[in-house]
Structures are given as C-alpha cells and as structure tokens.
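Architecture and fold: a report
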Amino acid sequence: MKNSLIQKYNVPGPRYTSYPTVPYWDETDFLEKTWVESLKKSFTTSNSAEGISLYIHLPFCESLCTFCGCNKRITKNHSVEHPYIEALLKEWAIYCTILGEKPTIKEIHLGGGTPTFFSTKNLEDLINGIFSHANKAKDYEFSFEGHPNNTSHEHLQKLYDLGFRRVSFGVQDYSEKVQKAIHREQPFHNVAKVTFWAREIGYTSIGHDIIFGLPFQEIEDVIDTIEKTKSLQPDRLAFYSYAHVPWIKGNGQRGFNDEDIPKDDKKRMLYETGKKLLYENGYYEIGMDHFALKTDSLYDAFQNGKLHRNFMGYSSSKTQLMIGLGVSSISDSWFSFTQNVKNLEDYYQILEWDKLPIFRGHLLTNEDLIIRKHILNLMCQFETSWQKNEGYFDEIPEVLIQLKEMEHDGLVIINDNTIQVTEKGKPYVRNICMAFDLRLKRKAPETELFSMTI
C-alpha cells in the first residue's frame, strides 16, 4: 500500500511558499501603483500593531552548488559587495519615502546566494543603514543563512552584536560522493566549528538544512548525516526533498544524470529513515519538511497555533507586510505580491531612475485570500476548517470529493467542516494543498513548472 501511494501521489506540484503560486500570478493589470496602494494599506494596519518583515536577498556565491535553484551570481570578485549594499539601501530609502513614516521592523532574514560572502563591515553597513530609517520591534527576530565553509567567527559575532539570534547552516549531506556531485564539498569539521561558535556566542536558535533525494544518496548516507547532526544538537532542522528542476535557466542542476537521482520508493525510504531517526533524537515535526526540539521557538509556535509560513520559510511570528529587498526578492502585503527584477544589471539601472525595481506582481482576489488561508493552515497546523460565513467557497464540495479519496488512503480525516492531516498524510501535504488550489485546477501547466511532490 505504501509503495502504491507513492506511485499514485508522486506528481509535479507547488511547494506553496505563496498562494497563488508565482506561475499563476495574474500580471496583466498589475502596475507599480497597484503594489504601492496595497503596500500602504497593509503598512497602515500592521506597522504599529505588529511591525513588518524584511527579506534581503544577497545573491553572490564563490562557487556553484549544482542542487540549487535560487537566484545567484557566481564570482570570486568581492568588489561587487559595496555597490550591491548601496543599491539595497537605496531601494530601502525609496520604500521608506513611500511609507511616509519610520517602519518598525519585527523580522529580518538575510538569504541568498551566500550572505556570508559579504564582509562583516559591509553587513554592518547594511543593517545600520536599514535602521537609519527604521525602529526595532520589542520582540524582533533577525536571522541569516550561513555557509559553513566561509562563515567566520567574526561574521557570527558581528551579526549577533547587530541583533541576530538565529542562524541556519546549509549542510545538505555529509557523504563525500554526494558532496562532490552537487559541488558542495564541506567537511563535518566546518559545520561543527560554526555550530559551536554560534552556541558559544549566544545564538538562541541554530538550524541545519539537510536534503534527501540528492544524486548518489543512499540510506547509509542519510543515517550518517543524521547521526552527525545528533552530535551537534541544532535547535531546528529543515529536512527537504531535493527539487530537481533542470529546466530552470541558470540553476546549475546539470552536474549529474537523471539516473543518479533516487526516485519514488527509494527516495521515500530516505525520508522515512531520516524522519524516524529525528523522532528518536527528540525532534518534532512542526510543518512541511521542518523539525524542532521542544526548546525551540518554532515548536512553541506550532503547539500554540501561531506558526506562520511565507517566502522566508517558517516563522514563529507573523507580520502582515513583508518587503523583499534585492535582486529577485518577493514582497507580500497580504493583499498582493510583487517581485523584483532577476537580472542584477537591470536592478541597478532601475534604481538609478529612483524607481522600485519590480517587474511583476499579483493582486489577490477574495477567493485567493480564502484559499491562501486554507493552504497556510494545512502547511502550519496540518488542519483547516470553514464555516458558511468564514473560509467557505463555492468549490468546497468539489474539494471534498477529491479529498475523499485521500481519506480512503488514510492521508486525511474529514469531519463536517474540518480537514485534518494524519501522521501518514504529512509527507503528502503538498498533494493535500493541491486539492484546494483552484487556479491550478482551472489551468493545468502547459510546460514543466514544479518539482515532484514526493
């Protein structure tokens, strides 16, 4: 039965960092003024109540990891740092002018690329520049992604001094064969060193990112990686499925052959083996692909129904407004999305014109907002519900028909107005969310868009 479920549900599907997903944004009537109006509306209601979030994309990497689908620029020339920091601060100044008053920042996340590609001086200039136009919320949470090979003690100390208390390190897998295939060669010693440094300095949440389904990966590799992870006791873990999307331009996923990648039953066994070991070592599943110790804030947020998910990933705090700075960054006002241009030279040029460097967006309809809440509930709480006057939409009966088959397969429990994901159904949460995805149902993709769900 288990194997047949994998065959049945292993289909291309979104990861639902947003709804609607980016390929289904309606860009036809979206203008910069649409975004600005939505931005101001959200800022007015959220700034004093909860603050806003900032995602800052730092795209530079010294080498290309061939498993990565992120927007990046490969270079060893560190003279690119300062102009990029200046551009980020100019973009932020444009936003602050539009907002008209000092924002209160609750969350900052530095993503990439490789944020620790940048010198501590440039990172300090960035954060200080941000707060020359903003205030910190009392319960702020700042985080960044660190590459174990180039994150220095100075990086960790300086960012801690600037208010960062959470760091995640990209581990992926400790097998030398796997690391060579994905061009991410980093010994366990490097991960242990930065983890111990972060703990010694005082970071309250240290995360490791691990990937299953990588080329040449075997059960023994997952076991070894989890055992080594256990010895370091990170507070939270992302245990991701490798997303094989070689059709995306510039993602670098051409350093190995398709037959080198574990598929279907074998890939699922890698996940189940890892998940079992994580459970045995005190980690709890708190969302799709995410695990945490009881002492971590993500666990508390999950237990209290306050876990949130956005373009930055899972968060223990929710803000209505998230502004993305930097090339390819996505912003979310709750009522609309917008994305910055993906090309670095275009990003610089548009900022020279004193304009926001956005190139597309989507204004959410009332139906979108309802569906979005259901998908967020499933992703963050493994359940969702509705009433006639809240959360209901006309296609609910059709959704229930589709979910009935999933209930028969033991993946969900359906009550009068509630859907609950079972333990057996958690690996299939993307498929369950797809039952609610009306835009995907109305228009099936004509080309390859999404990675496989399992």
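Quick look at the side chain of Glu107
By the element assignment, Glu107 lies in strand E4 (residues 104-112). It turns out Glu107 is buried and unbridged, and the closest side chain with the opposite charge, Arg166, is 5.6 Å from it. Within the local environment of Glu107, its side chain forms a polar contact with the side chain of Ser53, the two groups lying 2.6 Å apart. In contact with Glu107, not counting residues within four places along its chain, are Ile52, Ser53, Leu54, Glu141, Phe142, Met312, Ser315, Ser317 and Thr319.

Observations concerning the environment of Pro12
Mapped onto the elements, Pro12 comes out in the loop between helix H1 (2-9) and helix H2 (32-46). Note on Pro12: relative accessible area 45%, which makes it partly exposed.

Re the packing of aromatic side chains
Within this structure, the stated rule accounts for 24 aromatic pairs. Ring geometry for Tyr84 versus Phe118: centroids 6.2 Å apart, planes at 45°, classification tilted. Placement of the pair is Tyr84 in helix H3 (residues 81-99) and Phe118 in the loop between E4 and helix H4 (120-131), with a sequence separation of 34 residues. Look at Tyr84 and you get buried, because its relative accessible area is 0%. Through a chain of ring-to-ring contacts, three or more aromatic side chains come together here, namely Phe131, Tyr140, Phe142, Phe144, Tyr160, Phe164 and Tyr203. Sitting over the face of the ring of Phe335, Lys41 holds its NZ or CZ atom 3.9 Å from the ring centroid. Positioned above the aromatic ring of Tyr392 is the side chain of Lys388, whose terminal nitrogen or guanidinium carbon lies 4.0 Å from the ring centre.

Topic: the state of the cysteines
Following the criterion strictly, the structure yields 0 disulfides and no others. With no disulfide of its own, Cys380 lies closest to Cys433 among cysteine sulfurs, the gap being 9.5 Å.

Concerning the packing of H2 against H3
Running from N to C, H2 and H3 point in directions that differ by 70°, and their axes come no closer than 10 Å. One finds that H2 runs roughly perpendicular with respect to H3. Between H2 and H3 lies a crossing whose hand is right-handed. Touching Trp35, Val36, Leu39, Lys40 and Phe43 of H2 are Tyr95, Ile98 and Leu99, all from H3. Residue composition of the contact of H2 with H3, by class: 7 nonpolar, no polar and 1 charged.

Brief notes about the sheet that holds strand E18 (residues 412-414)
Reading across the sheet, the 3 strands line up as E17-E19-E18 and stay open at both edges, with antiparallel pairing between neighbours. Looking at strand neighbours, the two that pair on one side only are strand E17 (383-385) and E18, the edges of this open sheet. Going from strand to strand, the sheet's axes swing by 10° on average, the running direction of each strand aside. As paired elements, E18 and strand E19 (residues 418-421) share 3 bridges and run antiparallel to each other. Bridge pairing links Val412 to Val421 in E19. The sheet contacts of helix H12 (residues 366-381) involve E17 and E19, and relative to E17 the element is tilted by about 145°. The strands touched by helix H13 (residues 396-408) within the sheet are E18 and E19, with E18 carrying the most contacts at an inclination of about 125°.

Quick word on the pattern of salt bridges
Under the definition given, this model contains 22 salt bridges. Taking the shortest distance from any N to any O, the salt bridge between Asp409 and Lys8 comes out at 2.7 Å. Of this pair, Asp409 sits in the loop between H13 and E18 while Lys8 sits in helix H1; the two residues are 401 residues apart in sequence, bridging distant segments of the chain. On the accessibility criterion, Lys8 (36% relative accessible area) is partly exposed. The shortest N-O distance in the salt bridge between Glu345 and Arg73 comes to 3.1 Å. With Glu345 in helix H11 (residues 344-352) and Arg73 in strand E3 (residues 73-74), the pair connects residues that are 272 residues apart, well separated along the chain. Connected through salt bridges with shared partners, the residues Lys275, Glu285, Glu423 and Lys426 form a single ionic network.

A look at H2
Along its 15 residues, H2 runs 21 Å from first to last C-alpha, staying within 8% of the 21 Å computed at 1.5 Å per residue. All of the buried residues in H2 are Thr34, Trp35, Val36, Ser38, Leu39, Ser42, Phe43 and Ser46. On its buried face, H2 sits against strand E1 (52-58), H3, strand E13 (322-325), strand E14 (330-332), strand E15 (336-340) and strand E16 (358-363).

With respect to the side chain of Asp332
The topology assignment puts Asp332 in strand E14. For Asp332, a relative accessible area of 4% gives the class buried. Looking at Asp332, its side chain comes within polar contact range of the main-chain nitrogen of Trp334, at 2.6 Å. Setting aside residues no more than four positions away along its own chain, Asp332 makes contact with Trp35, Phe311, Gln320, Leu321, Met322, Phe337 and Arg372.

Calculation notes
- Note that residues are indexed from 1 along each chain, following the sequence as it is written.
- In keeping with the model being predicted, local features are shown solely for residues with a pLDDT of at least 70 and side-chain atom pairs are shown and tallied solely at 80 or more, while totals for entire chains, interfaces and linings include all residues.
- No hydrogens and no water enter the side-chain calculation; it runs on all heavy atoms of the structure.
- Segments assigned H or I by DSSP are reported as helices when at least four residues long, segments assigned E as strands when at least two residues long, and all are numbered from the N terminus.
- Classification of residues uses two cut-offs on accessible area relative to the type maximum, computed with a 1.4 Å probe and protein chains only: under 20% is buried, over 50% is exposed, and between them is partly exposed.
- Neither His nor the chain termini are counted; the positive set is Lys and Arg, and the negative set is Asp and Glu.
- Salt bridges are counted wherever a side-chain nitrogen of Lys or Arg sits within 4 Å of a carboxyl oxygen of Asp or Glu.
- Pairs of N or O atoms are called polar contacts if they sit within 3.5 Å, as long as, within protein, a hydrogen donor faces a hydrogen acceptor (for residues adjacent in sequence, only side-chain-to-side-chain pairs).
- Only heavy atoms enter the contact rule, under which two residues are in contact if any of them lie within 4.5 Å.
- Put simply, two rings from Phe, Tyr or Trp (the six-membered ring, in Trp's case) pair if the centres are within 6.5 Å, and we call them stacked under 30 degrees between planes, edge-to-face over 60, tilted for the rest.
- Any Lys NZ or Arg CZ found within 6 Å of a ring centre and within 35 degrees of that ring's normal is scored as a charge over the ring.
- Here, the term disulfide refers to a pair of cysteine sulfur atoms separated by no more than 2.5 Å.
- Every axis in this analysis is a line fitted to C-alpha atoms, fitted for helices over the stretch in contact. Angles between the N-to-C directions lie between 0 and 180 degrees.
- When describing relative orientation, an angle under 35 degrees is termed roughly parallel and one over 145 degrees roughly antiparallel, while 65 to 115 degrees is termed roughly perpendicular and anything else oblique.
- By convention, the crossing between two helices is left-handed when the near helix turns anticlockwise from the far helix through less than a right angle, and right-handed when the turn is clockwise.
- For this classification, the nonpolar set comprises Ala, Val, Leu, Ile, Met, Phe, Trp, Tyr, Cys and Pro, the charged set comprises Asp, Glu, Lys and Arg, and every other residue, Gly included, is treated as polar.
- A pair of strands is considered paired only if DSSP assigns at least 2 bridges between the two.
- A helix is expected to reach a length of 1.5 Å times the quantity of its residues less one.

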